[in-house]
Amino acid sequence: MARDVLRRALTRLAVVAGVWAVVVGMTAPAALAQRTPVPGPGKDRSGVSRYFGGPEGFAIPTVPCDPAGPSATDGVLADQLNPQLHAKMAGYLDAYKMSCARMVTQAVKDRGLNPRAAAIAIATIIVESSMNNYSQAVDYTSLGLFQQQDWWGSREERLDPVHATNAFFDEVERQYPGGSWNDEAIGDVCWNVQRPREDLRYLYGVEAADATVIADALWAGAAKGPKHPNASGRVVSARSADGRLEAFAAGADGVYHAWQTEVNGAWSPWQFKGGPRNAQLALAPNADGRMELFALSDSTFDHMWQTAPSAAWSSWANFGGGGHRLAAGTNADGRIEVFASNSTGVYHRWQTAPSGGWANWEGTGGGPANARLAMENAPDGRLEVFALSDTTFGHLYQTGINGGWSAWEGFGGGGHDVAVSHNQDGRLEVFASNSTGVYHRWQTSPTTWSAWTGTGGITDAELATARSADGRVEVFAINTTTASHTWQTGPNAPYAAWENFGGGGTEIGASTNADGRIEVFGTSHAGVYHRWQTGFSTWANWGWLNGPGPAID
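Residues numbered from 1 in each chain as written. Predicted model: local features only at pLDDT ≥ 70, side-chain atom pairs only at ≥ 80, totals over all residues. Heavy atoms only, no water.

*Asks:* I'd love a proper account of the layout of surface pockets, names of residues and values included.
*Replies:* There is about 240 Å³ of room inside the second largest pocket. As for the second largest pocket, its lining consists of Gln84, His86, Ala209, Asp210, Thr212, Val213, Asp242, Arg244, Thr261, Glu262, Val263 and Asn264. The class makeup of the residues in the lining of the second largest pocket is three nonpolar, five polar and four charged. (1 Å grid on protein atoms, 1.4 Å probe; cavity = no way out; pocket = protein on both sides within 12 Å on 5 of 7 lines; lining within 4 Å. Points joined across faces, edges and corners; volume = space filled by probe spheres on them. Nonpolar A, V, L, I, M, F, W, Y, C, P; charged D, E, K, R; others polar.)

*Asks:* I'd love a proper account of the pairing of strand β27 (residues 518-523), names of residues and values included.
*Replies:* Judged by how many residues are buried, β27 sits mostly within the fold: six of six residues are covered. Residues Ile518, Val520 and Gly522 point to one face of β27 and Glu519, Phe521 and Thr523 to the other, with burial holding for every one of them. As judged from the six bridges shared by strand β26 (residues 507-512) and β27, these two strands associate in the antiparallel manner. The residue of β27 that forms the bridge with serine 511 is glutamate 519. The loop that links β26 with its antiparallel partner β27 comprises five residues; one of these, glycine 516, has a positive phi angle of about 95 degrees. In this sheet, strand β28 (residues 528-532) lies alongside β27 in antiparallel orientation, the contact comprising five bridges. When the sheet's bridge partners are listed, glycine 522 is paired in β28 with tyrosine 529. (Buried < 20%, exposed > 50% of the residue type's maximum accessible area, 1.4 Å probe, protein only. Helix = DSSP H or I, 4+ residues; strand = E, 2+ residues; numbered from the N terminus. Pairing = 2+ DSSP bridges.)

*Asks:* Tell me about empty space enclosed by the protein, and please be specific about residues and values.
*Replies:* Tallied over the entire structure, the rule returns one cavity of 30 Å³ or more. Forming the walls of the largest cavity are Asn230, Ala231, Val235, Val236, Ser237, Gly509 and Ala510. Contributing elements (two or more residues each) for the lining of the largest cavity: β1 (235-239) and β26. Element by element, the count of residues in the lining of the largest cavity is highest for β1, at three residues. Here the residues of the lining of the largest cavity are counted per class, giving four nonpolar, three polar and no charged.

*Asks:* If you had to explain the packing of helix α3 (residues 72-81) against helix α4 (residues 95-110) to someone new, which residues and values would you point to?
*Replies:* Put simply, α3 and α4 touch, their axes get as near as 8 Å, and they point 100 degrees apart. Put simply, α3 runs roughly perpendicular to α4. From α3, Asp74, Gly75, Leu77, Ala78 and Leu81 reach across to α4, where they touch Ala95, Met98, Ser99 and Arg102. Grouping the amino acids of the contact of α3 with α4 by side-chain chemistry returns five nonpolar, two polar and two charged. (Axes fitted to C-alpha atoms, helices over the stretch in contact; angles between N-to-C directions. Parallel < 35°, antiparallel > 145°, perpendicular 65-115°, else oblique. Contact = heavy atoms within 4.5 Å.)

*Asks:* I'd like to hear about the sheet that holds β28, residue by residue, with values.
*Replies:* The strands that make up a sheet are held in pairs by hydrogen bonds between backbone atoms, and each pair lies either parallel or antiparallel. Strand order in the open sheet formed by four strands is β26-β27-β28-β29, with antiparallel pairing between adjacent strands. Every other strand in the sheet has two partners, leaving β26 and β29 (543-544) as the edge strands with one partner each.

*Asks:* Describe unusual backbone geometry, naming the residues involved and giving the relevant values.
*Replies:* Notably, serine 355 is not glycine yet its phi reads approximately 60 degrees, a positive angle. Take serine 355: it is sitting in the loop between β11 (345-350) and β12 (362-363). For serine 355, a relative accessible area of 23% translates into the label partly exposed. At asparagine 546, a position not held by glycine, the phi torsion is positive, near 50 degrees.

*Asks:* Outline the side chain of arginine 441, supporting the account with residue identities and numerical values.
*Replies:* Relative to the helices and strands, arginine 441 is located in strand β19 (residues 437-445). Nearest to the buried, unbridged arginine 441 among oppositely charged side chains is glutamate 409, at 6.7 Å. Side-chain polar atoms of arginine 441 contact the backbone oxygen of serine 450, separated by 2.7 Å. Beyond its immediate chain neighbours, meaning those up to four positions away, arginine 441 contacts Phe411, Leu428, Glu429, Val430, Trp449, Ser450, Ala451 and Trp452. (Lys, Arg positive; Asp, Glu negative; His and termini not counted. Salt bridge = Lys/Arg side-chain N within 4 Å of Asp/Glu carboxyl O. Polar contact = N/O pair within 3.5 Å; in protein donor to acceptor, adjacent residues only side chain to side chain.)

Here you go:
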């Protein structure tokens, strides 16, 4: 009997030793030889690096990431993303893994960080746990998505994706103060926090591109917080659900379309889509991930939409009569709302259900005639509309989330163009141009505004805004002779002096790549140009967007 007990004990020890050898990717004696006496984040107290499993993960118990369990949308999104992945998780995403990535992404968003931060976190959990929330330790005391040892928190905290994500970014921000992680490669940030063996550090960089695809798709569909509107104009751009930028430009003969052939990558040739001539354009995302394009000319209003997230586009369908300018945004519940101006004021139309049908056009109780329109979401998700004519500036806002609208209130005098963005803390910031330069006004609280303040800048400019990877507002202006650029010197901070951004043109637009780099689109009588950040403070030169595209007067 004693011999049987001893034999069973030795058998168990041999199995454990074999598992340990597989886990650390070497034979057991080699693993022991690699031990060092200095622990740190990502190592157990003997210094042995954590494990890196296959895409399916290990046969180790897991716990739910979302207390409510995976959602139907998690499964749908996993099916959509699997064909787009090229590294470890290609074909292995499922509803459970997506629910874990979703919880991590929401924690990043709630922390006030950007989509690139979500990609850093997701690259880490792909390498560490194959996106499994492991509740049983194999590598000493490591638990959870990030495989955090016991000095990262209690067992319950390390198994909570929200706490684990915040603990991870506490260390990121300690190592990279002032948002400097935005200027580092995704893989380098990951391994500097996790500290694996030197020969395993490259694995995080391998997963960076796929992590960006997953993070961007989840960011666009994150359940909490507003989906901020894309700017309208003659050239517009926004990201599809898979993270690729799509761009539309309105020429004299109709609408043209170009798109990135891969996330953060090169552009397709321009494709003619027909539709209204010399139109004003706006893009908005449906709740199910499909983008919708609205095109308004002086005689007609049409729209078309993606037939599935990141897929091809429908034919045009009529959306109303002609008008002057438009803006489109998304209610907190996912319903798109569209505003348009004409010679009698401002009107709106909205989806009656997320991704659903449309109500009839209704007036807004007036508003400036033939106004240029801009829209943003307040921090609580309420939509706010800004309408600027040659003589009047009006402001309209929802009185409740997803609710009705206020009366128009005066917001200033007339001007040439208007653009709006939001600070990192959610407060709105409005820019307007006139014959003397560019001015701005910002929320001092959710219900109060500063006075108008001059910024200098070029006169009678077309305006566009974007937000840098660390949440700073950047402003772009173009008139017939020059383009100019200013930016916040820090999140929620004052602005730098304007600097030259190129020659003149007819329109300017801006969007943000999946990795956080801003891309700017400029138009002229010759066609459409673009310029993009090569880092987070450096820019490429202006160039054609894979051919000139349509001339825009």
